[in-house]
Each structure stands twice: as structure tokens, then as C-alpha cells.
Amino acid sequence: MSQTVQTDPSWNLSSAAGSTVLQRNRVLRNTYWLLALSMVPTVLGAWVGVSTGIASLMSPGISIVVFLAGAFGFMYAIEKTKNSAAGVPMLLAFTFFMGLMLSRMVGAVLGLSNGASLIMTAFAGTGAIFLGMASLSSIIKRDLSSMGKFLFIGAIMLLVAGIANFFIQSSALMITLAVLAIGIFSAFILYDLKRVQDGHETNYITATLGVYLSLFNVFQAMLALLGLGGGREE
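Residues numbered from 1 in each chain as written. Predicted model: local features only at pLDDT ≥ 70, side-chain atom pairs only at ≥ 80, totals over all residues. Heavy atoms only, no water.

A. Seen up close, the overall build of the protein chain. Scanning the protein chain from terminus to terminus reveals eight helices and zero strands. For the protein chain, the succession of helices and strands along the chain, N to C, is α-α-α-α-α-α-α-α. The 234 residues of the protein chain split such that 37% are buried. A fraction of 85% describes how many contacts in the protein chain between residues 6 or more apart in sequence connect residues 24 or more apart. Here the protein chain has roughly 13100 Å² of accessible surface; of this, 70% comes from carbon and sulfur atoms. (Helix = DSSP H or I, 4+ residues; strand = E, 2+ residues; numbered from the N terminus. Buried < 20%, exposed > 50% of the residue type's maximum accessible area, 1.4 Å probe, protein only. Contact = heavy atoms within 4.5 Å. Areas by Shrake-Rupley, 256 points an atom, 1.4 Å probe, with all protein chains shown as cover.)

Written out as C-alpha cells, the structure reads:
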């Protein structure tokens, strides 16, 4: 006589929920590990740029064109390879490129008598912002998806204003943009990490790219502020 085994629906639901939580935690853990790893080629790229002066050889106008073309080109390539074995190497190559492009500003700040301390202060400040946003992302329970479009618009406006200030050369506008950049990209860190924790982002390479870009912009803006406000010429 055959017997029919019935499965408890509540057990199935709890099992599926547990599996989902494990997947989210795995994506978040991989994002943090890859983010930490990405700092190595960034520092290496900045060191190569400062040592060789390669970024300084380009005029500011050419530098902007190279930066924008290279950044968007790499981001397109990362998006295309995010589900393959080439995804991680492509992301690390991108972070090396970003470090190389950052070397012009790093070199300028190092030319100040307190340049090294300013760079360490900017690095520490960026780290503190990241830890703060990471903690908030695990505490806040509400869905932050609606923030995305507003943050995107803010980032585009910052980019346009930054390009305009390249021609205007206004120190006051530069300071304003740097402060806004710190605020907007700090919120982006919170937004991107919350997307992973809520299961909206399931690819750790894409998640790492988003958080990395935000950290890069926060650090760059903080370094610009410190260089303008706290630098002392040798």
C-alpha cells in the first residue's frame, strides 16, 4: 500500500527564505572582498602615475577626454563580462586606470608641505564614510530604491557642472561641487549596499563597481577640499 508524503508549505517557505538570505549574504561578502582587493591596483596606478608623471604629460582638456572615454569604456566592458571569468580582471584593470587618472591630483597635493597628511586624512575620512554607510545599510529596514533616480540626476548635474568649471575655474564653485559630491556619493554607497542586502542586486561585480565609483568620488572630492583649504605650499 503506497503512502503519499506531504510536505509542509511553511517549511518550504522558510527554506526558500533561508536560501535567499544566504545568497544575499554571499553577494555582500564577495562585494566587500572584491572592493578591498580593488584598492590594490588603485594605489598601484596612482603610484605609477605620480612616479612617471604620465598623467601630467597630458593637458587638462586631453586628460578629461581620456578619463571619460576610458571610464565609460571600462564600465561597458565590465557590464558585458560580469557573468564570466573575465569580469574580475576587467574590474581590477579599471581600478588601475582610475588610480592612474587620480595621480594628477595626488601629485599636486603631494607638492604641498603637508600633502602626505592631507592624503591620509582624505583616506581616513573616506573610510569613515564607508563604514558609516555600511552600518546604516544594515540598520535601515525600508526600501531605498526610490533614491536611485534622484541620485543619478544629482551625479549627472555634478558631472556637467564639473566640466563647466573646467572652463570657469571658480574656486568657490569647486568647493561647492566637492561638498555636494561627498554628500551625493555617500548616499550612493548606502543605496548600492542596501540594494545588495534587499536582493535587488545579485551580481557582486556590478555591486563592487557601483560602490567603488562612489568611494573614488568621495575620496577625490575630499582630497580637493583638503588641498584647497588646508594645503601649505612648500
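Now that the structure is up, let's keep going.
B. Expanded view of the pattern of salt bridges. The final tally for this structure, using the stated rule, is three salt bridges. Salt-bridge contacts for Asp198 lead to Lys194; the nearest nitrogen and oxygen are separated by 2.8 Å. Using a relative accessible area of 3% as the deciding quantity, one classes Lys194 as buried. Linking Glu201 and Arg195 is a salt bridge whose minimum nitrogen-to-oxygen distance equals 3.5 Å. (Salt bridge = Lys/Arg side-chain N within 4 Å of Asp/Glu carboxyl O.)

C. Broad picture of the packing of aromatic side chains. For the coordinates displayed, the defined rule picks out seven aromatic pairs. Both rings, one in Phe74 and one in Phe97, keep their centres 5.6 Å apart while their planes meet at 40°; by these two values the pair is tilted. Here Phe74 is found in helix α3 (residues 60–81), whereas its partner Phe97 is found in helix α4 (residues 87–110), with 23 residues between them in sequence. We classify Phe97 as buried; its relative accessible area is 12%. A ring pair is formed by Phe94 and Tyr212, whose centres lie 6.1 Å apart and whose planes are at 65°; its orientation type is edge-to-face. Pair noted here: Phe94 is in helix α4 and Tyr212 is in helix α8 (residues 204–230), with a separation of 118 residues, a long-range link. In terms of burial, Phe94 and Tyr212 fall into one category: buried. (Phe/Tyr/Trp six-rings, centres within 6.5 Å; stacked < 30°, edge-to-face > 60°.)

D. Seen up close, the nonpolar core. Counting residues in hydrophobic clusters, the biggest one holds 52 residues, and the most contacted among them are Phe94 and Ile189. Broken down by secondary-structure element, the contributors of at least two residues to this core are α1 (9–52), α3, α4, α5 (115–139), α6 (147–168), α7 (171–197) and α8. Beyond its immediate chain neighbours, meaning those up to four positions away, Ile189 contacts Ile129, Phe130, Met133, Val211, Ser214 and Leu215. (Core = buried A, V, L, I, M, F, W, Y, C linked by side-chain atoms within 4.5 Å.)

E. A look at unusual backbone geometry. The backbone phi angle of Gln169 is positive, close to 60°, even though this residue is not glycine. By the secondary structure assignment, Gln169 is in the loop between α6 and α7.

F. Representation of the confidence of the model for the protein chain in the model. When pLDDT is averaged along the protein chain, the result is 87; 90% of the residues meet or exceed 70. The secondary-structure element of the protein chain with the lowest mean pLDDT is helix α2 (residues 54–57), recorded at 77, while α4 shows the highest, at 94. (pLDDT = per-residue confidence, 0-100.)

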